[in-house]
Every structure is written in C-alpha cells, then in structure tokens.
Amino acid sequence: MSKSRLFCFFILLLCLSNTSSALFQPPTTTETYLGKVEDFCPKKHINSWRQQQQIEGVDIAASPVCSPDNPYNIAAFVKGTNNVSMATLMNTHLAPDTLIKGKDLDGDGDPDEIHIRLEVLELNGFSPDLADPVTTYNIAPGIQPGFWTFVPKHRGMSNKSAETLVANPLIRLPSPAIRVEQGDKVFITLENSHYFPHTIHLHGVDHSFQTTKGEGNDGVPQTSNKLIMPGKQFTYEITPRQPGTMVYHCHVQAHTHIMMGLIGMFIVEENRANNWVQTFNVGNGFVRHSSKAVAKKYDREYDLQYQDIDRELHNIIQTANDSRLLAKAFNRDYNITERTPDYFILNGRSFPFTLRESLIIVKPEEKIKLRVFNAGDQLLALHTHGFKPTSTHLDGVELKPSARIQRDVFTLGPAQRVDLELYAHNDGLHNMGAGIWTFHDHNELGVTTDGIYPGGHISSIVFESFLGENGMPKLQGVDPTPFFTAEFYKKQYPVWTLSDDKKHYGDVFIATDESLPAEDSETTDETQMLILLAQIIVLIGTVILVKRNTGNSHEA
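Residues numbered from 1 in each chain as written. Predicted model: local features only at pLDDT ≥ 70, side-chain atom pairs only at ≥ 80, totals over all residues. Heavy atoms only, no water.

Chemist: Help me understand the sheet that holds strand S8 (residues 201-203) in this model?
Modeler: Sheet strands associate in pairs through backbone hydrogen bonding, adopting either a parallel or an antiparallel arrangement. Judged by pairing direction, the sheet is mixed, and its five strands sit side by side in the order S8-S10-S11-S6-S12 without closing on themselves. With one partner strand each, in any of the chains shown, S8 and strand S12 (280-281) form the two edges of the open sheet. Looking at chain direction, strand S10 (residues 244-249) and strand S11 (residues 263-269) are connected through six bridges and run antiparallel. Bridging across to S11, Val 247 finds its partner in Met 265. (Pairing = 2+ DSSP bridges. Helix = DSSP H or I, 4+ residues; strand = E, 2+ residues; numbered from the N terminus.)

Encoded structure:
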C-alpha cells in the first residue's frame, strides 16, 4: 500500500474515532448528597457518667465508652429501689417498687429476698395522629423497626419528656439482663402494661413447676400458666440452686413474641459473702458492678445479646393500633416459615451505633468475661479479630478443663449461650497485640443492615490506648461519616464515595431535558451537530482523495 493510501486510511480511522467519541461520550458521575450526619458521640453523654465513682456506698466501675450507663441506675440496681435515697431515685426513671431487696436469710451480708417487677412496652409503634412511629428508638441512623421489650417497672412517661417522642432510656432493646444470686428467694412479678397477653418462661433457670400457691410457674400457657391479660399481673417464684447464664422469655405465641424482643439473659451468680449483685443491666454490655465471684477472676464483664429482625413482622405494629387487627396480623396472617431477616442487632443496636455502647474495652494482660447469647433465629458465627477466646461455660453449665475450646469462631444456634474468657496476653495465640480488633458474625448476613454493609452486629474490642476522649475508637480506616447518615442505609449514597477521588464508583448521571437549562441543551445539540457535519465533510473528502489516488495508480 502506498504512503498516500496509508495516510488517507489513517485520516478515515481518525474521523470515525472522533465521530464515535462525539456521539457516544460516557456519562458523568452524579454528585451525591451525603445527608444529615449524626454526631459520632452525642454530647448528651456527660463525662461524669463515665468516671469510676461511688453512689449509695456502691462501687461503680469506670465506663469510658461514648454512651455509659447511668450510674444512679447502677446504684439502685445493686441496693434496690427501696434502699436508696429519694435523690438517687429521682436521677433514674425507676418506680419505688421496681426492685425490692429484703432480708439476709443466710447471714452472709447481702439480701436474699428479691422482688423484681417487669412491664411490657412497645417501641416504634403506630399513632393515628402522627406520621412517625412512637415511642421512637433507632437501631441505626433512620432505622426504626417496631419492638416489644421487657422493662424494669418505670415511673413517668414512656417518652423522655413531653417535648420528644424519643423513648425513656429504660425502654429499649434488648430486654435487660437480670442477675440474682444462687440460693436467693426471688419473686418476679410481670405487670402486663401491654395490649396483648404475655407470660414469662425461665429458660434453663432452676424453678419449680408450681408456685407455693399451686399456680403454674413455668410460663407455658398450654401446660402451666394462664395468660396474663392486659392490666393483670402474676408473680413467679424461684430459688435457683445452680449458677450460670440462662434466659427468660415470653411463651405466649412464642414464634412472634420472642422475635419481637420479649427475651433476655437471666444470670444466676455464684453465692459469695457480701455479694450485692447488679440485678439489671439495661442495654446489656459492660457490667459496672460485677459479682464477687466474677470480680475475683476477671477484670471486666460484658453481656452480649444478638438478635435478628424480620421487617415484615416488626412493622406490623406500625400499621394499626386496634388490638383485633393486630392479633389477626400476628397470630394468623404472619407466616414464620417465610421469615427473612433484614436487620441484625447487638445489644439492641446495629453498626455504627454499636461503637457508642457495645465496645469491649481492654488493657494489656487483662482477663475479660463475655456472656454471649444468640436470641435470634439465625445461626451466629461469632469471630474475634486479634484474639482467640476460650469457652468456659455452655448454656450455663461450666465446662471441665478438658472440654474447653480455644478458637476464633464460636457458633451458636438460637437460644444458646457461651461464656468466653478473653485474655489480652500478647503471645500470638490469646492476643496479637494492642489495637482496634473487630468482632462480628461470620454469617455474612449478620454484618449488614437491610443488605447494606457495614452494618448489623459489627463492633470492636478496643485497647484503651486506642480509645478517644469521647469514648469512640481512634479509627484509622475509611472515613466513617457516611455510616452516620440515614441516606447510607436507605441505599442513596455510593459506598466508596469519600475514598473515590476519580469518581469511578459513584452513580451514573443521565442527562434529561429537565436536568439542563433549555439554552444549555440547545447549545449542546447545535455544537454536536456542527462537529458531526465537519467530520462528515472531512470523511467525504478523504474518500474522494482515496479514489483519485487509486485511479492514478491504475493509470500508472
């Protein structure tokens, strides 16, 4: 081929290429609005609550996380609401008879007659007067499934105040962990403040089938208890002989009532002298006043309750407040065999809110006791980064030394419990050194929120040297800002945007007549037509030139 032909062929390709690029420009990346970003750690949580302190003679351990427990609650939970001052009680939302601690029956310096009062309350329910749910409780930014929960008997409103729809801090998920001492004479009264009937079954807890009055004491309507109807109350009686991590839950229509949140940990502590236990652990997590037996062996103790949420079930209570309609929807229309979980919570929250209250804080060489409870319907495969814990108890039963297992994944079926020993000894086996070590469900559903990652059960084991002043970990990875917006979990914000300088992973911008001003749209169209016309002229000229050169070569 002659040089002139090569040149013409090159010009032809160039014109076709330019024509194609002019006609088929790739769309740009649209700008995405991040939305309202919540404070990583709300300022309402005052530093004085985080400090080690003594109230009513009760030693309360420091809790450096963003959202520490109210220390006045801790004092009342240890001493009993009948044994604290009115000033202390008024710093809580507790009723005067929430927790009565009475006689020391065995003379060892602590109360052995315990009377606990519980209620059943609703979160994120329906109101005919408001568009939003009431009483509100967010598991993650903008995420408000409906729940029922057992609550220590409270005084005042379900809301924090008359000026907000946000729940009173006692009313939350999970149903609170309850602690009593081995051998205590315990009375548990359920005051049914709900619109459905309920009972309490003490799962794994040593209890008689009947009360001293001959009434049912097992909580099962079909074999033991009559239904506790709305406005009624019933008292269960136990004197547990065996210590361990057990469970309590409603046994009425258990396939829905348990899933709605009416399930919690019931812990029987070993009997020791002068052993004033913290009867309630609202919100679970760090136990700020451990029992004598736990404090002797461990530096800290944590209660971890995992649950999974089916939006179809939980949002039933956001459709009506007529008990007849709700009873039909729960008892006959909802089909648990078609259940699909959408949300996954640890101690009542999903990531990133787990970073505010469900961190496990540790120092080098400390031993930590973890009580882990799978209160959901899915298998839990709990994996710890940077640590290999050792199981010490299963379902409340202490394991013999030869049966204890050290590993980095522990699998629990529904209602199962495992007690773990976490040892911060940097030997590459127990621990791999200081840092921010994630722990999460390795069933990958469990680390999402409505299919969005990161979410779900994710939290971290944080060495104190990696903890910020506000109680949040000193994160070194991607910018966490999007995780604190409702838009992120509504699937409106591209996951990698803040790390994507080249805009390779954003949403594609598709221009429409409405997306551009009229004159801009016309100008763009005219320009493209002129470019196209010029390229066609060049193309025609090139073809003519090629033909002439071909003809000349034939004559030659």
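Chemist: Quick question: what am I supposed to make of empty space enclosed by the protein here?
Modeler: Regions of empty space are outlined by a rolling probe, equal in size to a water molecule, passed over the atoms. Scanning the model with the defined rule gives two cavities of 30 Å³ or more in all. Estimated volume of the largest cavity: approximately 60 Å³. Top element by residues in the lining of the largest cavity is strand S6 (residues 177-181). It accounts for three residues. A class-by-class count of the residues in the lining of the largest cavity yields five nonpolar, two polar and four charged. Of the voids in this model, the second largest cavity is the one considered here, and its volume is about 40 Å³. Lining the second largest cavity are Tyr 306, Gln 307, Asp 308, Asn 374, Gly 376, Gln 378, Leu 379, Leu 380, Asp 441 and His 457. (1 Å grid on protein atoms, 1.4 Å probe; cavity = no way out; pocket = protein on both sides within 12 Å on 5 of 7 lines; lining within 4 Å. Points joined across faces, edges and corners; volume = space filled by probe spheres on them. Nonpolar A, V, L, I, M, F, W, Y, C, P; charged D, E, K, R; others polar.)

Chemist: Would you explain the pattern of salt bridges in this entry?
Modeler: Should the charged atoms of two oppositely charged side chains come close, the side chains can pair. Taken as a whole and assessed by the stated rule, the structure comprises 28 salt bridges. Arg 300 is the partner of Glu 464 in a salt bridge, and the nearest nitrogen-oxygen pair spans 3.4 Å. One end of the pair, Glu 464, is in the loop between strand S24 (459-463) and helix H10 (486-489); the other, Arg 300, is in strand S14 (residues 300-309), and 164 residues separate them in sequence. Using a relative accessible area of 10% as the deciding quantity, one classes Arg 300 as buried. (Salt bridge = Lys/Arg side-chain N within 4 Å of Asp/Glu carboxyl O. Buried < 20%, exposed > 50% of the residue type's maximum accessible area, 1.4 Å probe, protein only.)

Chemist: Can you walk me through the packing of aromatic side chains in this structure?
Modeler: The geometry of two aromatic rings is summed up by the distance between their centres and the angle between their planes. The final tally for this structure, using the stated rule, is 17 aromatic pairs. An angle of 80° between the planes, with centres 5.0 Å apart, marks the rings of Tyr 195 and Phe 196 as edge-to-face. Since its relative accessible area comes to 28%, Tyr 195 is described here as partly exposed. Taking 5.0 Å as the distance between ring centres and 80° as the angle between the ring planes, the aromatic pair formed by Phe 488 and Tyr 489 counts as edge-to-face. Neither Phe 488 nor Tyr 489 differs from the other in exposure class; each is buried. Through successive ring pairs, a cluster of aromatic residues spans Trp 148, Tyr 195, Phe 196 and Phe 330. The ring of Trp 276 is capped by Lys 79, whose NZ or CZ atom sits 4.8 Å from the centre of that ring. (Phe/Tyr/Trp six-rings, centres within 6.5 Å; stacked < 30°, edge-to-face > 60°. Lys NZ or Arg CZ within 6 Å of the ring centre and 35° of its normal.)

Chemist: Sorry if this is basic, but what is going on with the nonpolar core here?
Modeler: Soluble, globular proteins show a tendency: their nonpolar side chains are buried together. Grouped together as the largest cluster of nonpolar side chains are 109 residues, with contacts concentrated most on Phe 266 and Val 372. Ranked by residue count, the leading element in this core is strand S4 (residues 113-123), at six residues. Dropping the residues within four chain positions of it, Phe 266 is found in contact with Ile 178, Val 180, Ile 188, Leu 202, Val 205, Ile 238, Gly 244, Thr 245, Met 246, Val 247 and Tyr 248. Counting six residues, the second-largest nonpolar core is a separate cluster that includes Ile 55, Val 58, Ile 60 and Ala 75. (Core = buried A, V, L, I, M, F, W, Y, C linked by side-chain atoms within 4.5 Å. Contact = heavy atoms within 4.5 Å.)

Chemist: What should I look at first to understand the pairing of S10 in this one?
Modeler: Regular strands place their side chains on alternate faces of the sheet. Of all the six residues making up S10, six are buried; the element is thus mostly covered by neighbouring parts of the structure. Of the two faces of S10, the one lined by Gly 244, Met 246 and Tyr 248 and the one lined by Thr 245, Val 247 and His 249 are each fully buried. The sheet contact formed by S8 and S10 spans three bridges and is antiparallel. Within S10, the position partnered with Leu 202 by the bridge is Tyr 248.

Chemist: I keep staring at a nonpolar patch on the surface and nothing clicks. Help me out?
Modeler: On the surface, Val 495, Trp 496 and Tyr 505 cluster together to form a nonpolar patch covering roughly 360 Å² of accessible area. Locating Tyr 505 in the fold gives a position in the loop between H10 and helix H11 (518-555). (Patch = residues over 30% accessible without salt bridge, like charges linked within 9 Å, V, L, I, M, F, W, Y side chains within 5 Å. Areas by Shrake-Rupley, 256 points an atom, 1.4 Å probe, with all protein chains shown as cover.)

Chemist: Before we go on, may I ask you to explain helix H8 (residues 323-333) in this structure?
Modeler: Because an α-helix completes one turn every 3.6 residues, residues spaced three or four positions apart along the sequence face the same direction. Residues Leu 326, Ala 329 and Phe 330 constitute the buried set of H8. Taken end-on, H8 shows its buried residues confined to a sector of 85°, consistent with a single buried face. For H8, the exposed residues set more than 90 degrees away from the buried face come down to Arg 324 and Arg 332. Buried residues belonging to H8 abut strand S5 (147-152), helix H5 (254-257) and helix H7 (311-314). (Arc of directions from axis to C-beta.)

Chemist: What should I look at first to understand the pairing of strand S19 (residues 390-394) in this one?
Modeler: In terms of residue burial, S19 counts as a mostly covered element, since four of its five residues are buried. Strand direction decides the pairing type here: S19 and strand S22 (residues 417-423), joined by four bridges, are antiparallel. Bridging from a neighbouring strand, Ser 391 pairs with Leu 420 of S22. Here S19 pairs with strand S20 (residues 397-398) via two bridges, running antiparallel. Directly across from His 393, in S20, lies its bridge partner Glu 398.

Chemist: Sorry if this is basic, but what is going on with the sheet that holds strand S23 (residues 436-441) here?
Modeler: Read across the open sheet, the five strands follow the order S16-S24-S23-S18-S21; overall the sheet is mixed. The sheet terminates laterally at strand S16 (360-362) and strand S21 (409-412), the two strands that pair on one side only. Here the strands of the sheet are splayed against their neighbours by 15° on average, with no regard to which way each runs. Strand direction decides the pairing type here: S23 and S24, joined by four bridges, are antiparallel. For Phe 439, the partnering residue across the bridge sits in S24 and is Ser 459. (Axes fitted to C-alpha atoms, helices over the stretch in contact; angles between N-to-C directions.)

Chemist: Sorry if this is basic, but what is going on with the state of the cysteines here?
Modeler: In a disulfide, the sulfur atoms of two cysteines are covalently bonded to one another. Taken as a whole and assessed by the stated rule, the structure comprises one disulfide. Here Cys 41 is linked by a disulfide to Cys 66, with a sulfur-sulfur distance of 2.3 Å. Classification of the bridge connecting Cys 41 and Cys 66 rests on its S-S torsion, roughly 100°, and on that basis the disulfide is right-handed. Residue Cys 41 is located in the loop between helix H1 (3-23) and helix H2 (47-50), and its partner Cys 66 is located in the loop between strand S2 (58-60) and helix H3 (71-79); the two are separated by 25 residues in the primary sequence. (Disulfide = S-S within 2.5 Å.)

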